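Examining the three-dimensional arrangement
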Amino acid sequence: MFKNPDKASKTYTPGEALPKIAAYCAYQERTQKEVADKLKSYGLDEDEAGEIIIRLGREKLLDEERYAQAYARGKHRTNGWGRRRIRLEMKAKGLSDYCIKSGLKELDGDEYFDKLKQLLGQRDAREKEAHPLKRKMKLMAYLTQKGYESDLIQEALGELNIRND
């Protein structure tokens, strides 16, 4: 269950590591950084890891653009994250600007705005603040933290008739 710090991790030859890392990549989308870290934990040097990463890319088991698309869709649908938050998280994972843009294109405008309104409605129903201006500020702060753009937040607030009366 827990790793024993006294026990050394098993090292693999490149031939042994390839099927293991291929299964690791087939299980779910991975970034090159994640794969490189895993290969390093297998005891492979940078050259050996690089060759394996190139091979995985040729065999379409490792594709950062596909990873970015799946990541953007998943984080938006399950976590309710907005474009700004998703962009920051993908940047932190070391994805290229091209892959990030490709991933963000996966977010449909109507679905995106509907999710924003859904989150706003849910949060509004739970919000205990009675003062209208403070309530609106709290809702805006919540959606900003989720990564939504200010103009869309304002539009959603207007559509749901949340004013600062």
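The structure under discussion appears in the preceding block.
A short tour of the structure in this document, coming up. (Residues numbered from 1 in each chain as written. Predicted model: local features only at pLDDT ≥ 70, side-chain atom pairs only at ≥ 80, totals over all residues. Heavy atoms only, no water.)

Topic: empty space enclosed by the protein
Heads up, the rule is: With a 1 Å grid spanning the protein atoms alone, the term cavity applies to any set of points in which a 1.4 Å probe fits but cannot get out, the term pocket to an open set with protein on both sides within 12 Å along at least five of seven lines, and the term lining residue to any residue with an atom within 4 Å of a point. Grid points are joined across faces, edges and corners, and a volume is the space filled by probe spheres set on the points. In this classification, the charged set is Asp, Glu, Lys and Arg, the nonpolar set is Ala, Val, Leu, Ile, Met, Phe, Trp, Tyr, Cys and Pro, and all remaining amino acids, among them Gly, are polar.
Applying the stated criterion across every chain, the model contains one cavity of 30 Å³ or more. Each pocket or cavity is described by its volume, and for the largest cavity that value is around 30 Å³. Lining the largest cavity are R73, H76, R77, E106, L107, D108 and E111. A class-by-class count of the residues in the lining of the largest cavity yields one nonpolar, one polar and five charged.

Notes on the packing of aromatic side chains
The cut-off we apply is this: Pairing of aromatic rings covers Phe, Tyr and Trp, the last through its six-membered ring, and needs centres within 6.5 Å; plane angles under 30 degrees mean stacked, over 60 mean edge-to-face, and all others mean tilted. Every helix listed is a DSSP run of H or I at least four residues long, and every strand listed is a run of E at least two residues long, numbered separately from the N terminus. The buried label applies to any residue whose accessible area, calculated with a 1.4 Å probe on protein chains only, is under 20% of its type's maximum; exposed applies above 50%, and partly exposed to all values in between.
One pass over the full model with this rule turns up three aromatic pairs. Each ring, one from Y12 and one from Y42, has its centre 4.9 Å from the other, and the planes form 65°; the classification is edge-to-face. One end of the pair, Y12, is in the segment before helix 1 (14-27); the other, Y42, is in the loop between helix 2 (32-41) and helix 3 (46-58), and 30 residues separate them in sequence. As far as the burial class goes, Y12 and Y42 line up, both buried. Judged by centre distance (5.8 Å) and plane angle (25°), the ring pair of Y67 and Y71 falls under stacked. Placement of both Y67 and Y71 in helix 4 (residues 64-79) is noted, with a separation of four residues, approximately one turn of the helix. Since its relative accessible area comes to 6%, Y67 is described here as buried. A relative accessible area of 11% means that Y71 is categorised as buried.

Overview of the side chain of K146
Formally: Only four residue types enter the charge count: Lys and Arg as positive, Asp and Glu as negative, with His and the chain ends excluded. Salt bridges are defined by distance alone: a side-chain nitrogen of Lys or Arg within 4 Å of a carboxyl oxygen of Asp or Glu.
Topologically, K146 is positioned in helix 8 (residues 132-146). With no salt bridge to any partner, buried K146 finds its closest opposite charge in E89, at an N-O distance of 11 Å.

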